[in-house]
Amino acid sequence: GRCWTGQRARPSAPRRRGCPRRTTARRAPRLRASLARQRREIGRLEGELAACESRSPGEEDGSLTERLLWSLGVLGRRLLACRDPWSFVYDQTNTALRVATRTAASGELVRDLLPNAPTLLTYAPGIYARATQLDGYVAQILPVLDGYLPMVEPHLEAIIERFDDIEPHLPFCLEHVDLVAPRLSELLEHLDEILDLAAQREAWEELSPVLPLLVTRTEALGPHLSSLRLHLQHLRPHMRRLVRHLDRLTPHSALSRHADVLLFWFGWLLRIPGVHWALEVPGITWLLALLAPRLPRRFLWTKDADRARTGSAQAAVGQQQVGRWPSLAAATYYVLLSMQTLARERAGEKK
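Here the structure is a predicted model, which means the values were calculated and not measured.

(A) Up close: the overall build of the protein. A count of helices and strands for the protein gives 26 helices and zero strands. In the protein, which comprises 351 residues, the proportion classed as buried is 28%. Here the contacts in the protein between residues at least 6 apart in sequence split such that 83% fall between residues at least 24 apart.

Structure representation (structure tokens):
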């Protein structure tokens, strides 16, 4: 064609694009790892399905009876732990009736609860024992109940038993139920380690933006959690950068066991913008795992000892500052002694 000047327009040069072979080569390892994870998940689900289909009606009835007895045991233990069992029963019953009335009026009773009644009835005593705790979450639970109860039902016993520990994290679980429900088995398996990490409030808040990603990697992260908790103070400054490379780091258990010494020697590199992407280079994480047990710890121990001495010195200074205030023990003693003497004198005058 011709442009507005009347001259023939020159064809535009084709844009250069990245080499498709190079892009494919980069994506291939990730796709293989994802495919392997999905195959493991499919195999696990097939095993569970085969186990469920192989159950006879008698075994199913026995399991229902066992669940009901266990649920009654939970209720009994809760009653025995209360100082005032009658007040406990009153509160739970009042809450249960209020929730039932509210759900019936809104139509959620027929839509969400009744289709799942056969499953929920066997756990009814245990749910009743947690009625006051569940009251604030009913509005979030009911919309997802019908879709995710089959995934949650095999773990309901553990959830009810450990609900006191799980309750602070229940809003997150309900908000990301699509991520949490399929991975409940792994999450409950490592629940104690997760709770230990969550007890570190500041570190847990720093991790909150990436928690959904960490949930999806629970199976791979689980064996590392106990080691990560021990080295949390060393990991915190670099957590956001390291999370991006979980798939590269988690296959090597030595990295979490020796995270403190690795970060002591190489942590300064992670502070340089963009350098952390070197962890994506094939072989780097393997080399670090090989090197980690062999790195000297002498200087690390010296640094930790200096920190401990600094902390103890600050604590001692604080105690000295507190000790400058005059003690009231002696004054209290003399006041009590004078009151006792005065009481004796009055008693003598009356006689």
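(B) Local environment of the confidence of the model for the protein. Looking at the protein, the pLDDT average stands at 79 and 77% of residues meet or exceed 70. Low pLDDT (under 50) marks residues 57–62, which in the prediction has two contacts with non-local residues, meaning those over four places away or in another chain. Note on residues 308–327: pLDDT is under 50 here. Beyond four places in sequence and across chains, it has zero contacts.

(C) Layout of the environment of Gly126. In this structure, Gly126 sits in helix 6 (residues 124–129). Once residues lying within four places of it in the same chain are set aside, the contact partners of Gly126 are Ser71, Val74 and Ile160.

(D) Fine view of the pattern of salt bridges. In total, this model carries 13 salt bridges according to the counting rule given. Here Glu202 ties to Arg236 by a salt bridge, and the two come within 3.4 Å at their closest N and O atoms. Pair noted here: Glu202 is in helix 15 (residues 201–207) and Arg236 is in the loop between helix 19 (232–235) and helix 20 (239–243), with a separation of 34 residues, a long-range link. Relative accessible area serves as the criterion here: at 29%, Arg236 is assigned to the partly exposed category. Bridged by salt links that share partners, the residues Arg98, Arg102 and Asp135 form one connected network.

(E) Local environment of a nonpolar patch on the surface. Judged by side-chain polarity, Leu68, Leu69 and Leu72 come together as a nonpolar surface patch covering roughly 270 Å² of accessible area. Taking relative accessible area as the criterion, Leu72 reaches 43% and is therefore assigned partly exposed.

(F) Main features of the side chain of Asp260. Checked against the element boundaries, Asp260 lands in helix 23 (residues 259–270). Looking at Asp260, the relative accessible area reads 8%, which means it is buried. Discounting residues that sit within four places of it in the chain, Asp260 has contacts with His231, His234, Arg297 and Leu300.

(G) Highlighting helix 8 (residues 138–152). Between the first and last C-alpha of helix 8 there are merely 16 Å, a value that for 15 residues lags more than 12% behind the 21 Å anticipated at 1.5 Å per step. Leu145 marks the point of greatest bend in helix 8, at about 75 degrees. Every buried residue of helix 8 is listed here: Val138, Leu142, Leu145, Leu149 and Val152.

(H) Spatial organisation of the environment of Pro251. The topology assignment puts Pro251 in the loop between helix 21 (246–249) and helix 22 (253–257). Classification of Pro251 by relative accessible area gives exposed; the value is 59%. Spatially, the C-alpha atoms of Pro251 and Ala289 are 9.8 Å apart, while their sequence positions differ by 38 residues.

(I) How the structure looks around the side chain of Arg130. Along the chain, the position of Arg130 falls in the loop between helix 6 and helix 7 (131–134). Setting aside chain neighbours within four positions, we find Arg130 in contact with Arg78, Gln92, Ile160, Glu161, Phe163 and Asp164.

Procedures and definitions
Residues numbered from 1 in each chain as written. Predicted model: local features only at pLDDT ≥ 70, side-chain atom pairs only at ≥ 80, totals over all residues. Heavy atoms only, no water. Helix = DSSP H or I, 4+ residues; strand = E, 2+ residues; numbered from the N terminus. Buried < 20%, exposed > 50% of the residue type's maximum accessible area, 1.4 Å probe, protein only. Contact = heavy atoms within 4.5 Å. pLDDT = per-residue confidence, 0-100. Salt bridge = Lys/Arg side-chain N within 4 Å of Asp/Glu carboxyl O. Patch = residues over 30% accessible without salt bridge, like charges linked within 9 Å, V, L, I, M, F, W, Y side chains within 5 Å. Areas by Shrake-Rupley, 256 points an atom, 1.4 Å probe, with all protein chains shown as cover. Expected span 1.5 Å × (residues − 1). Bend = angle between axes of the 7 residues up to and from the residue.

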